[in-house]
Amino acid sequence: MIEKIKREWFSNIRGDILSGMVVALALIPEAIAFSIIAGVDPMIGLYASFTMAVVISFTGGRPGMISAATGAMALLMGPLVRDYGLEYLFAATILTGIIQIIFGVLKIAKLMKFIPRAVMIGFVNALAILIFMAQVPHLINVTNITYLFVIITLLIVYILPRFIKIIPAPLIAIIILTAVAIFGNVNVATVGDLGKITQSLPTFFLPNVPYSFETLAIIFPYALALSIVGLLESLLTSSIVDDATDTESNKNREARGQGIANIVTGFFGGMAGCAMIGQSVINVKSGGRGRLSTFVAGVFLMFLIMVLGSLVVQIPMPVLVGIMIMVCIGTFNWSSFKYIVNAPKADAVVMLVTVIIVVATDNLSLGVIAGVLLSAVFFAAKISHVKVHKQERTNEEHYTVEGQLFFASVDSFIKAFDTSITNNKIFIDFTHSHVWDDSAVGAIDKIALKLKENQNTVIMTGLNSASQKIVDKLTVFQNPNAKVSDH
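As recorded in an unreviewed UniProt entry, the protein goes by the name Sulfate permease, listed as coming from Niallia circulans. What UniProt records for the protein under Subcellular location (unreviewed entry) is the sentence "Membrane".

> Can you help me understand the pairing of strand β5 (residues 425-435) in this one?
Look at any regular strand and the pattern is simple: side chains alternate between the two faces of the sheet. One ladder, built from nine bridges, connects strand β4 (residues 396-405) with β5; its direction is parallel. Across the sheet, Gln 404 pairs through a bridge with His 434, a residue of β5. In this fold, β4 hands off to helix α18 (residues 410-415), which returns the chain to β5; that crossover is right-handed. Once you follow β5 into helix α19 (residues 438-453) and on to strand β6 (residues 457-461), the crossover reads as right-handed.

> Which parts of the structure should I look at to understand the sheet that holds β5?
The pairing of strands in a sheet comes from backbone hydrogen bonds and takes either a parallel or an antiparallel form. Judged by pairing direction, the sheet is mixed, and its four strands sit side by side in the order β3-β4-β5-β6 without closing on themselves. A single partner strand is all that each edge strand has here, and the edge strands are β3 (387-393) and β6. Between one strand axis and the next, the sheet turns by 15° as a mean value, whatever way the strands run. Docked against the sheet, α19 engages β4, β5 and β6, running at close to 175° with respect to β5.

> Can you walk me through the pattern of salt bridges in this structure?
Side chains that differ in charge, positive against negative, can pair when their charged atoms come close. One pass over the structure, following the stated rule, counts six salt bridges. For the salt bridge of Glu 392 with Lys 390, the shortest nitrogen-to-oxygen distance reads 3.3 Å. Note that Lys 390 is salt-bridged to Glu 397, the shortest N-O span being 3.8 Å. Look at the salt bridges and you will find they share partners, linking Arg 62, Asp 242 and Lys 251 into a network.

> Got a minute to help me understand the nonpolar core in this structure?
Across soluble globular proteins, you tend to see nonpolar side chains buried next to one another. Counting 110 residues, the largest nonpolar core has Ile 28, Leu 46 and Met 271 as its most contacted members. It is helix α2 (residues 13-38) that provides the largest number of residues to this core, a total of twelve residues. Those residues within four positions of Leu 46 in sequence are excluded, and the remaining contacts are Ile 28, Ala 31, Ile 32, Ile 197, Leu 301 and Ile 305. In terms of nonpolar packing, the next biggest core, distinct from the first, is built from 25 residues, Leu 451, Val 458, Met 460 and Val 471 among them.

> Is there a simple way to think about the packing of helix α6 (residues 117-135) against helix α16 (residues 345-361) in this case?
For the pair α6 and α16, interaxial distance at closest approach is 8 Å and the crossing angle is 30°. In terms of orientation, α6 lies roughly parallel with respect to α16. The two elements α6 and α16 meet at a crossing, and its hand is right-handed. Residues Ala 118, Val 119, Ile 121, Gly 122, Phe 123, Asn 125, Ala 126, Ile 129, Leu 130 and Met 133 of α6 form the contact with α16, whose participating residues are Asp 347, Val 350, Met 351, Thr 354, Val 355, Val 358 and Val 359. When the residues that make up the contact of α6 with α16 are grouped by side-chain class, the tally is 13 nonpolar, three polar and one charged.

> Help me understand the packing of aromatic side chains in this model?
Within this structure, the stated rule accounts for 15 aromatic pairs. Relative to Phe 303, the ring of Phe 300 lies with its centre 5.7 Å away and its plane at 20°, an arrangement referred to as stacked. Of this pair, Phe 300 and Phe 303 both sit in helix α12 (residues 291-306), three residues apart, which is roughly one turn of that helix. Residue classification places Phe 300 among the buried positions, given a relative accessible area of 16%.

About the thresholds
Residues numbered from 1 in each chain as written. Predicted model: local features only at pLDDT ≥ 70, side-chain atom pairs only at ≥ 80, totals over all residues. Heavy atoms only, no water. UniProt positions renumbered as here; feature names shortened; annotations may be inferred. Pairing = 2+ DSSP bridges. Helix = DSSP H or I, 4+ residues; strand = E, 2+ residues; numbered from the N terminus. Right-handed = clockwise from strand over helix to strand, strands pointing away. Axes fitted to C-alpha atoms, helices over the stretch in contact; angles between N-to-C directions. Contact = heavy atoms within 4.5 Å. Salt bridge = Lys/Arg side-chain N within 4 Å of Asp/Glu carboxyl O. Core = buried A, V, L, I, M, F, W, Y, C linked by side-chain atoms within 4.5 Å. Buried < 20%, exposed > 50% of the residue type's maximum accessible area, 1.4 Å probe, protein only. Parallel < 35°, antiparallel > 145°, perpendicular 65-115°, else oblique. Left-handed = near helix turned anticlockwise from the far one by under 90°. Nonpolar A, V, L, I, M, F, W, Y, C, P; charged D, E, K, R; others polar. Phe/Tyr/Trp six-rings, centres within 6.5 Å; stacked < 30°, edge-to-face > 60°.

Now the structure itself:
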């Protein structure tokens with residue numbers, strides 16, 4: 001236990017502290033922007049980012065991953081705030097956490113294995129595109145000095161690490177260019193232009209809503225949607241950080257940790273949040289690996305607000321835009337263009353559809369769900385080809401079935417049989433097939449009963465043990481001569 005704590009918290013102290021500081025600075029404009037999307041005061045998003053990061057550093061299952069207020073969650077809570085008010089948002093945030101804990105206990109992370117690689121690639125690419133698109137408004141109708149600041153930021157971020165590795169390059173860019181903007185009286189947009197920052201700590205309180213079934217009926221649909229979207233984004237981000245750091249994480253613990261963090265956030269006046277892939281990538285690329293980096297991100301965020309609030313509002317937006325563009329470039333899977341050409345067409349289509357839906361709807365969960373469903377359809381279509389080979393002998397017909405027999409393949413299976421023949425002995429060999437569901441058993445029944453009606457003897461052979469079990473359980477046709485294959 002002690003070794004685990006040392007490994008997760010104190011094995012990379014300098015890297016975690018510095019990367020956490022970079023993340024905290026980058027969190028401020030995003031938290032404010034997401035608050036605006038949700039229709040709430042900027043401090044609601046900032047409080048959420050503080051409590052989510054601090055709590056998840058202890059309860060999460062993926063060290064080094066950043067959780068805070070996010071755009072995907074903000075989009076869902078906008079109608080709730082508009083129609084019922086802020087207090088209902090806090091109540092929904094608490095309920096979101098409770099549902100996520102239940103999902104974690106039920107080991108929802110098992111569902112991650114059903115997300116194909118093509119969907120993961122599409123998810124990452126779409127997120128990179130969305131992050132870039134979010135920066136575009138800051139680059140339209142601006143002064144030339146704004147573009148210069150962005151270019152200088154990118155140069156610092158990409159060139160400086162070759163010479164200085166002790167301090168993350170994004171942090172150096174923020175410090176240097178903020179000083180230039182302040183002392184040089186440079187006319188560029190700043191963090192303060194996004195919204196007002198109040199120098200105060202969040203306080204504990206109970207949401208001022210009626211504790212009734214009517215309230216539950218109002219907030220439950222929102223809480224359920226928030227919990228699903230939050231976990232989907234968090235678990236996908238966890239997998240991406242796993243790959244980036246070549247380490248493993250406890251995704252069921254992450255689900256429970258997200259729930260605990262959202263409960264605490266709701267009681268401290270924050271909006272529901274989840275893992276942030278953009279900030280998590282910044283953290284990893286800045287050298288963050290342990291839980292300390294996430295904890296520092298949350299604590300330093302509040303330190304910036306409380307102590308350095310007057311300086312924070314003067315941070316030039318072009319610097320943060322430059323850092324986020326760096327994240328986009330690093331996040332986007334540039335080998336995707338080669339993947340589209342070389343991968344199976346179905347996988348390429350799934351990847352492109354995932355990207356298109358996410359970008360068009362600005363909703364990561366919709367794209368992922370569409371990609372998974374499309375993959376399932378393509379997979380079902382691919383394995384639904386059943387071949388039935390027929391051999392005729394004197395007073396006998398032998399059918400050999402090859403392929404997977406299930407709801408999508410039963411039509412071709414049925415059409416392969418000539419049920420009009422009479423007074424023959426019919427052998428149906430399933431050695432090279434597998435019976436999967438009730439539809440398959442129904443198709444076998446249909447053929448067997450029609451053949452039997454025409455005075456034929458039907459003998460099924462080669463059923464493996466699993467197929468034999470489902471046939472015995474669901475079949476109407478009873479075949480005393482059926483034999484189970486030795487294979």
